[in-house]
Amino acid sequence: MGWVGFGAGWLDLWFGSDWWSYGNPAYAKCLTVCAHNPNVADAVLLQLLRGSSDANIRFADLRGLLLRLGFAERIQGSHHIFSHEGVAEILNLQPKNSLAKPYQVKQVRKVLVQYKLAKGDV
């Protein structure tokens, strides 16, 4: 697969490549989309709470949702560590290419439901 055209293969190569990494300024810009777009945050929250497609949630969207819900983030290497006042658990997330890992999506869902953080906050 090469850089021919702008079809789905090109997107897979783009998002799955080493270029698409934390050192690239475009990465940070893309990650802010969910945090500033309530429609994306609502859709991601609904998808997350439904629990039917944990393997298909984009990491950038999950990160943006957590930031929108008031979580503080610190980054250590590829680990994005989220904490929230009043929440005992710390969420430690790492992307797998451009997607969130399914077991980590389940951890986020458990925290949001347990602490009732998703109720009308998005």
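Everything in this summary refers to the structure shown in the same document. (Residues numbered from 1 in each chain as written. Predicted model: local features only at pLDDT ≥ 70, side-chain atom pairs only at ≥ 80, totals over all residues. Heavy atoms only, no water.)

With that settled, the discussion passes to the sheet that holds strand 2 (residues 79-83). Taken together, the 3 strands give an open sheet; going across it, the order is 1-2-3, and neighbouring strands pair in antiparallel fashion. The sheet is open, and its two borders are formed by strand 1 (72-76) and strand 3 (91-93), each paired with just one other strand. Each neighbouring strand pair of the sheet contributes to a mean axis angle of 25°, computed without reference to strand direction. The sheet contact formed by strand 2 and strand 3 spans 3 bridges and is antiparallel. Paired with His80 across the two strands is Leu93, which belongs to strand 3. (Pairing = 2+ DSSP bridges. Helix = DSSP H or I, 4+ residues; strand = E, 2+ residues; numbered from the N terminus. Axes fitted to C-alpha atoms, helices over the stretch in contact; angles between N-to-C directions.)

For the rest of this paragraph, the subject is the side chain of His80. Looking at where His80 falls in the secondary structure, it is placed in strand 2. In this structure the side chain of His80 is engaged in a polar contact, spanning 2.6 Å, whose partner is the side chain of Glu73. (Polar contact = N/O pair within 3.5 Å; in protein donor to acceptor, adjacent residues only side chain to side chain.)

His80 gets classed as buried once you look at its relative accessible area, which sits at 1%. Expressed as a C-alpha distance, the spacing of His80 and Leu93, which sit 13 residues apart in the sequence, is 5.2 Å. (Buried < 20%, exposed > 50% of the residue type's maximum accessible area, 1.4 Å probe, protein only.)

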